[in-house]
Amino acid sequence: MATKKPANPEAWVAQIFFDKDGNSRQQVTKGGVLRRSKSSVKEQGAEAALKKAVKKLGFFLFENDNEFIVLCGNNLKLLKL
């Protein structure tokens with residue numbers, strides 16, 4: 001089943017974090033990890049909207065060569081190894 005692309009970047013980003021009824025997705029409520037390819041984010045013109053949403057939610061955003069990785073939680077600790 002093909003998913004319909006939202007009309008704007010903010011709507012596309014919102015569907016990452018929330019379902020169609022506005023409820024938080026399980027990864028979000030349980031402090032999980034969300035991954036999106038950089039190419040799909042850029043294809044939607046949603047990089048700025050993603051960064052804004054992550055900041056608003058108090059989550060953490062990481063970027064590697066080909067992915068954006070969101071850590072859903074605000075009680076994280078960086079361990080020095």
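Residues numbered from 1 in each chain as written. Predicted model: local features only at pLDDT ≥ 70, side-chain atom pairs only at ≥ 80, totals over all residues. Heavy atoms only, no water.

Looking at this structure, I do not really get helix α4 (residues 47–57). What am I missing?
Note that an α-helix has 3.6 residues per turn; residues three or four places apart therefore point the same way. Within the span of α4, buried status applies to Ala 49, Leu 50, Ala 53 and Val 54. Along the axis of α4, the buried positions cluster into a sector of 130°, meaning they face one direction only. Among the exposed residues of α4, those pointing more than 90 degrees away from its buried face are Ala 48, Lys 52, Lys 55 and Lys 56. Immediately beyond the C-terminal end of α4, within one or two residues, lies Gly 58, with a positive phi of roughly 80°. (Buried < 20%, exposed > 50% of the residue type's maximum accessible area, 1.4 Å probe, protein only. Helix = DSSP H or I, 4+ residues; strand = E, 2+ residues; numbered from the N terminus. Arc of directions from axis to C-beta.)

Could you clarify how one ought to interpret the nonpolar core in this entry?
Of all hydrophobic cores here, the largest spans 16 residues; its most connected members are Val 13, Phe 17, Leu 34, Leu 50, Phe 59 and Val 70. Broken down by secondary-structure element, the contributors of at least two residues to this core are α1 (9–17), α4 and β3 (67–71). (Core = buried A, V, L, I, M, F, W, Y, C linked by side-chain atoms within 4.5 Å.)

Looking at this structure, I do not really get the pattern of salt bridges. What am I missing?
Pairing between side chains of opposite charge can happen when the charged atoms of each approach one another. Evaluated as defined, the whole model comprises 3 salt bridges. Residues Glu 67 and Arg 35 are paired through a salt bridge, measuring 2.8 Å at the closest nitrogen-oxygen approach. Of this pair, Glu 67 sits in strand β3 while Arg 35 sits in strand β1 (residues 33–37); the two residues are 32 residues apart in sequence, bridging distant segments of the chain. Between Lys 51 and Glu 47 there is a salt bridge, with its nearest N and O atoms 3.3 Å apart. Placement of the pair is Lys 51 and Glu 47 together in helix α4, with a separation of 4 residues, close to one helical turn. By relative accessible area, which is 24% here, Glu 47 ends up partly exposed. (Salt bridge = Lys/Arg side-chain N within 4 Å of Asp/Glu carboxyl O.)

So what exactly am I meant to see when it comes to the sheet that holds strand β2 (residues 60–63) here?
Neighbouring strands of a sheet are bound in pairs by backbone hydrogen bonds; such pairs are parallel or else antiparallel. Judged by pairing direction, the sheet is antiparallel, and its 3 strands sit side by side in the order β1-β3-β2 without closing on themselves. In this open sheet, the two edge strands, each paired with only one partner strand, are β1 and β2. When strand polarity is set aside, the average angle formed by the axes of neighbouring strands in this sheet is 20°. Here 4 bridges tie β2 to β3, and the two strands are oriented antiparallel to one another. Bridge pairing in β3 places Phe 60 opposite Leu 71. (Pairing = 2+ DSSP bridges. Axes fitted to C-alpha atoms, helices over the stretch in contact; angles between N-to-C directions.)

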